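# Overview (structure and organization)
Listed below are the residues making up each chain.
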Amino acid sequence: MTVISSVTTYYFLLVIAGSLLMSHIEEDIAYEDIQLGDLSIYLLQPFSYLLAKMFGEFPWRVIQGFFGAIILIFSMIFFGSLISLNITWQSLFFGLITAFLAFILSFYFKVVIGLSAFWLIEFSGFSQFVGVLILIFAGYIMPIDLYPNLIKTIAFATPFPYMIYFPVVVFQGKLTLFESLKTILIQLIWILVFMIVYKTLFNKGVKKFTGLGN
Amino acid sequence: MKYYLKIYRQILSINLSNLLIHRANFINNIVSSMAWGIFSIISMLLLTSKTTVLYGWSRPEILLLTGAQSVLVGIFHTFFSRNFEKLSEIINRGQLDVVLTKPVDSQFLITTRYINYTSIFRIFVGIFVIYYLLINYSIPITFFSLIGFLFFLIIGLLILYNIWMLVLTITIWLTKLSNLPDFMYSFTSITRYPSEVFREVTGYVFIFLLPITIIITAPVKLLILHPNIVELITMLIIVAVFTFLSRRFWLFALKFYTSAGG
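This section reports on the structure supplied with the text. (Residues numbered from 1 in each chain as written. Chains lettered and ligands numbered in written order. Predicted model: local features only at pLDDT ≥ 70, side-chain atom pairs only at ≥ 80, totals over all residues. Heavy atoms only, no water.)

## Observations regarding the overall build of chain B
Each helix and strand in chain B was counted, giving ten helices and two strands. Helices (α) and strands (β) of chain B occur, in sequence order from the N terminus, as α-α-β-β-α-α-α-α-α-α-α-α. Scaling as 2.2 N^0.38, a compact globule of 262 residues should have a C-alpha radius of gyration of about 18 Å, and chain B matches this with 19 Å. By its C-alpha atoms, chain B is 65 × 45 × 35 Å across when sized along the principal axes. In chain B, 81% of the contacts between residues at least 6 apart in sequence involve partners at least 24 apart. (Helix = DSSP H or I, 4+ residues; strand = E, 2+ residues; numbered from the N terminus. Rg over C-alpha atoms; globule rule 2.2 N^0.38 Å. Contact = heavy atoms within 4.5 Å.)

Below, the structure written as structure tokens:
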């Protein structure tokens, strides 16, 4: 597997990773629930808001992942010679786990971003700024291990590579067993962090929300 | 002609008043447009961090290309993008009747009605990048190459306008395609890369992509004194053909427009 074919394969896998794993729930939360007040409906219902949002988001990811898969298959027909994928049981197994955790992580992260609409009057500017951060640090531009060292270090300190870059790279079989386990651990830690941030922000935000009489 | 200039002056001032009324959006949009300008520079910096020459372009030249693309896209977003976004909305809600009954050309009105002044900051980011690179890397330009660059930048802008117009006229038939502008934004971002990148692609795809790939690279090559005459002539041919086609297509499409209400 040459470097060029591994990088091109990365970009092809990025098509499906981006559509399947990156959640966009923050738009729904910020615009529909908070700004338009639909949150009140959720607050009256006897189940967790987070669970309701998760069930709403999951079909979106499935269908977008489906479209991503179609595009990937098309690309493989035309550009098959450029793609080289070494699938082993290890890369498949760990790939699926990291992908699943990446979806959970991106979901929790985007929910927290969406909750910022409780306090920010103009949400879209902040959301676009976060969007640019994700584009740079999640590995959409190019594989993060090709970044200059300083940017690489900064990127790996953020949760973003664990949403897109690491699932793709684990799937390509480029990480050792130890590195794959380390990735999964870090993903779990970030998920825990955002779960705690979510709980805090949600409780504070709902107090403010209901206080306004929405 | 003077009539249309007078109308355009009114459009400019109405949009300015709107801007001043909705101040919260103002800061927001400035942040967005600068963020995208800076993002395109950063992504090009990262992509060229390990190479010195790319398809015959040196690294400062490629960054110059990115800066020029920011300028072109910034001008396009300032004067035209919002109109194309609203176009599908207008057609979907049947509000095109209001436009059609006015004593002004419909294509003119729907593509110039809204101006997004905050995208001017994206133009500034681009100009700053170009200026910085020209000075710090002593890239040679002449007065005439600058004039040529500006001329072909305007031609490129017209080509881009006509491409968007051709695609978005389809919403008269397929009114539910309200996210077509999102696709066009992505499509327009191809212009960031030098046209040589697309030479690898052969056949119909290349011909299809040709107009959009050369609209920035040809003017920039002219600016830095490596003009590709073939590309420049192609641009002139394309602008003539596309302007004619998009106009005809729009007038043709209007015959199929069915309004939504009484």
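## Observations regarding helix α4 (residues 49–79) of chain A
Residue and element names in this part refer to chain A. Along its 31 residues, α4 runs 43 Å from first to last C-alpha, staying within 8% of the 45 Å computed at 1.5 Å per residue. Taken as a whole, α4 has its buried residues at Y49, L50, A52, K53, M54, E57, R61, G65, G68, L72 and S75. Near the N-terminus of α4, the side chain that reaches the backbone nitrogen of L50, with its oxygen 3.2 Å away, is that of S48. (Expected span 1.5 Å × (residues − 1). Buried < 20%, exposed > 50% of the residue type's maximum accessible area, 1.4 Å probe, protein only. Polar contact = N/O pair within 3.5 Å; in protein donor to acceptor, adjacent residues only side chain to side chain.)

## Some thoughts on the interface of chain B and chain A
Each partner contributes residues to the interface: chain B has 13 residues there, and chain A has 15 residues. Of the roughly 1,300 Å² buried at the junction of chain B and chain A (both faces included), carbon and sulfur atoms supply 72%. Across the contact surface, chain B and chain A share zero salt bridges. The interface formed by chain B and chain A holds two residue pairs in polar contact (both at pLDDT 80 or more) in total. Tallied by class, residues from the side of chain B that touches chain A come to seven nonpolar, five polar and one charged. (Buried area = accessible area lost by both parts, 1.4 Å probe. Salt bridge = Lys/Arg side-chain N within 4 Å of Asp/Glu carboxyl O. Nonpolar A, V, L, I, M, F, W, Y, C, P; charged D, E, K, R; others polar.)

## Regarding the packing of aromatic side chains
To describe a pair of aromatic rings, one takes the distance between the centres and the angle between the planes. Under the counting rule described, the total for this entry stands at 42 aromatic pairs over all chains. Pairing A:F118 with A:W119 gives two aromatic rings, centres 5.6 Å apart and planes at 75°, and the pair type is edge-to-face. Judged by its relative accessible area of 36%, A:W119 is partly exposed. Ring geometry for B:F121 against B:F124: centres 6.0 Å apart, planes inclined by 85°, an arrangement best described as edge-to-face. Taken together, the residues span about one helical turn, with B:F121 and B:F124 both in helix α6 (residues 120–136) at a distance of three residues. Among the aromatic residues, ring-to-ring pairing joins A:Y10, A:Y11, A:F156, A:Y162, A:Y165 and A:F166 into one connected group. Sitting over the ring of B:Y114, B:K86 keeps its end group 4.9 Å from the ring centre. Above the plane of the ring of B:Y114 lies B:R113, whose end atom (NZ or CZ) is 4.8 Å from the centre. (Phe/Tyr/Trp six-rings, centres within 6.5 Å; stacked < 30°, edge-to-face > 60°. Lys NZ or Arg CZ within 6 Å of the ring centre and 35° of its normal.)

## Some points on the packing of helix α2 (residues 25–35) of chain A against α4(A)
All names here are of chain A. Running from N to C, α2 and α4 cross one another at 120°; their axes reach a closest spacing of 11 Å. By the angle between their directions, the pair α2 and α4 is classed as oblique. Of the two elements, α2 crosses α4, and the hand of that crossing is right-handed. Residues I25, D28, I29 and D33 of α2 form the contact with α4, whose participating residues are Y49, K53 and E57. For the contact of α2 with α4, the class distribution of residues is three nonpolar, no polar and four charged. (Axes fitted to C-alpha atoms, helices over the stretch in contact; angles between N-to-C directions. Parallel < 35°, antiparallel > 145°, perpendicular 65-115°, else oblique. Left-handed = near helix turned anticlockwise from the far one by under 90°.)

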